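# Structural description and commentary
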Amino acid sequence: MIQMERNRRNKNRVINVIRRAAAASVLLILMVSLVTVYPAAAEEKAAQDNTTAEYAHGMTATGESVKCKGGTLVDPVGDLNADAPEIKADCAVLYSLDLGEFVYSKNADKKIDPYSTTKILTCWLALKNLDKEQVVTVSEKATQEYKAGTTIWLKPGEKIRVIDLVYGAMMESGNDAAYALGEAVSGSEADFADLMNKTVAEWGCENTHFVNANGWQNKNHYSTVHDMAVITTKCLENKELMDISITKSYTAPATNLTSAREMKNWFLGAIDNDDIMTCGKTGSWSEDDCGLVASFTEDGLSEVMVILGDSEKGRTEDAKILADYAHRVTPGYAVPAAGSNVKTVWVRHGAKTRVDLIADGATYAYPADNKARSIRTEIETEKLEAPVRKGQEAGKIQVYMGDELIGEHKLVVSEDIKTGWLPSYLYISNKATMNALKVIGLFILLLLLVSTIGRKGASRRRQKKEARKRLREKYRSKH
């Protein structure tokens, strides 16, 4: 009977141990789940808060990568201290339209012949002061004064529209066309030259003086690459003039004295990388005495380039060298940084429950204040459910400078993720589940071990107690 009572008590002890182990296991599962899921949820919330509230700290473009609004890595590009290239031109500058400053110069303030690049100002003044459909009667002076140079073969008494003269002056560098425009604006070449000088003086060009409308060589007709960059930048305000300057071909309609004129663009013929050019005008006296003014846009970068005192071949080569160098020297930012994790998102029912999204490209931004905080991003993501594939589209990132959208890129999944086990429906990954099971198993083993040791200890204590009891009974029986 006593032995049966002991067995019953031992059985109850085992049951109690198992119950405690089960309760502890359930509690442990809940704790592991919280440890697994809560940090991800907190991270997701933090990312959402960044999207709506945080801007990056401003920094120069020579610093380290930073976070901009939206949590997107921003890589600085360009360095004003980059080694300048060797070019053949006597004088040259690069002016950043984005930053509003010069980022490269060589003999920037040296007075030099501007050649036919002068005509960009002539055409700008003509379009500013005349109706482009106005018909101009060509004077004899216009056809004779500079006939030794390039012309579009105007005839005295010919009636031609202002817009056709602008095409002729810009595309084929017609000296006669530029002279006729000057006369139409001011009545005479001298008066037009006065208007030119007054205009550029208002723009702050202190080392420039013009005496004719077409850039014909004269010791009193000079400028600098610095001033010509200022003039070109102001002329860019006329979008029509920009478009005319890079038009590949144009047909001017017949006039009272001539048939239709077919015009080709000399500037585009002199430039190898004409696909990035947004405006331009060449000028030359000989194969060894040339120049150009141009503006170009590439990968978000907008610059004005002026090259004077170059050869015909050198002008082409130097233009390409400077266009390439502009990207190395102009401070800005790549958004997002190459290969950066734009956002980490949930994957429902996945072997892994979170995955990084990366952009399929980058936008180059050049804030005027050179601060990353001037850039912001807006990120949209899709809900993902396993299986997902590496490269699968999962959203988009839009890049803004101020309120202007300057770039948009797809967000794609960075790795393959297979379907997960049952807990993955609760966004618990296979790895987290396995780790939890391991911990639970070790915990149960520990409880069982402690329980076994406890039972053995209790058994030994009972045996000792019973032995002492027998000794006392034996002792009493003797006495």
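The structure contained in this document is the topic of the report that follows. (Residues numbered from 1 in each chain as written. Predicted model: local features only at pLDDT ≥ 70, side-chain atom pairs only at ≥ 80, totals over all residues. Heavy atoms only, no water.)

## Some details on the pattern of salt bridges
Formally: Should a side-chain nitrogen of Lys or Arg be within 4 Å of a carboxyl oxygen of Asp or Glu, the pair is scored as a salt bridge. Helix and strand labels come from DSSP, where a helix needs a run of H or I of at least four residues and a strand needs a run of E of at least two; each type is numbered from the N terminus. Each residue is assigned to one of three classes by its accessible area relative to the maximum for its type, calculated with a 1.4 Å probe on protein chains only: buried under 20%, partly exposed between the two thresholds, exposed over 50%.
This model, assessed by the stated rule, comprises 12 salt bridges. With a shortest N-O distance of 2.8 Å, Glu317 and Lys88 are connected by a salt bridge. Linking Glu317 in helix 10 (residues 312-329) with Lys88 in the loop between strand 2 (72-77) and strand 3 (91-96), this pair joins segments that are 229 residues apart in sequence. A salt bridge links Lys234 to Glu237; the nearest nitrogen and oxygen atoms lie 3.2 Å apart. The class for Glu237 is exposed, based on a relative accessible area of 56%. Where salt bridges share partners, they join Glu133, Arg161 and Asp164 into one cluster.

## Observations regarding the sheet that holds strand 9 (residues 277-286)
Which entries qualify depends on this criterion: The pairing criterion for strands is at least two bridges between them, as found by DSSP. Lines fitted to C-alpha atoms define the axes here, with helix axes fitted over just the stretch in contact, and angles between the N-to-C directions of these axes take values from 0 to 180 degrees. Residues are treated as being in contact if the distance between any of their heavy atoms lies within 4.5 Å.
One open sheet holds the five strands; their spatial order is 4-3-11-10-9, and the pairing between them is antiparallel. Single-partner strands in this sheet number two, and they are strand 4 (101-106) and strand 9. If you compare each strand with its neighbour and ignore which way they point, the axes differ by 10° on average. In this structure, strand 10 (residues 289-298) lies alongside strand 11 (residues 301-310), joined through nine bridges in antiparallel fashion. Following the sheet pairing, Ser295 is matched in strand 11 by Val304. Its contacts with the sheet place helix 7 (residues 225-235) against strand 3, strand 4, strand 10 and strand 11, and it is angled at close to 135° to strand 11.

## Things to note about the nonpolar core
To be explicit about the condition: What is meant by a nonpolar core is a set of buried Ala, Val, Leu, Ile, Met, Phe, Trp, Tyr and Cys residues, joined one to another through side-chain atoms within 4.5 Å.
Membership of the largest hydrophobic core comes to 59 residues, with the highest contact counts inside it found for Leu121, Leu165, Val166, Leu181, Ile231, Leu241 and Val306. In terms of residue count, helix 4 (residues 162-171) provides more of this core than any other element does, eight residues in total. Aside from chain neighbours lying at most four places away, what touches Val166 is Cys123, Leu127, Leu181, Leu241 and Ile244. In terms of nonpolar packing, the next biggest core, distinct from the first, is built from 26 residues, Leu94, Val103, Ala294 and Ile307 among them.

## So, the pairing of strand 13 (residues 343-348)
In this sheet, strand 14 (residues 354-359) lies alongside strand 13 in antiparallel orientation, the contact comprising four bridges. Across the sheet, Trp346 pairs through a bridge with Arg354, a residue of strand 14. Counted along the chain from strand 13 to the antiparallel partner strand 14, the turn is five residues long, and its residue His349 has a positive phi close to 60°. As paired elements, strand 13 and strand 17 (residues 384-385) share two bridges and run parallel to each other. Bridging across to strand 17, Val347 finds its partner in Leu384.

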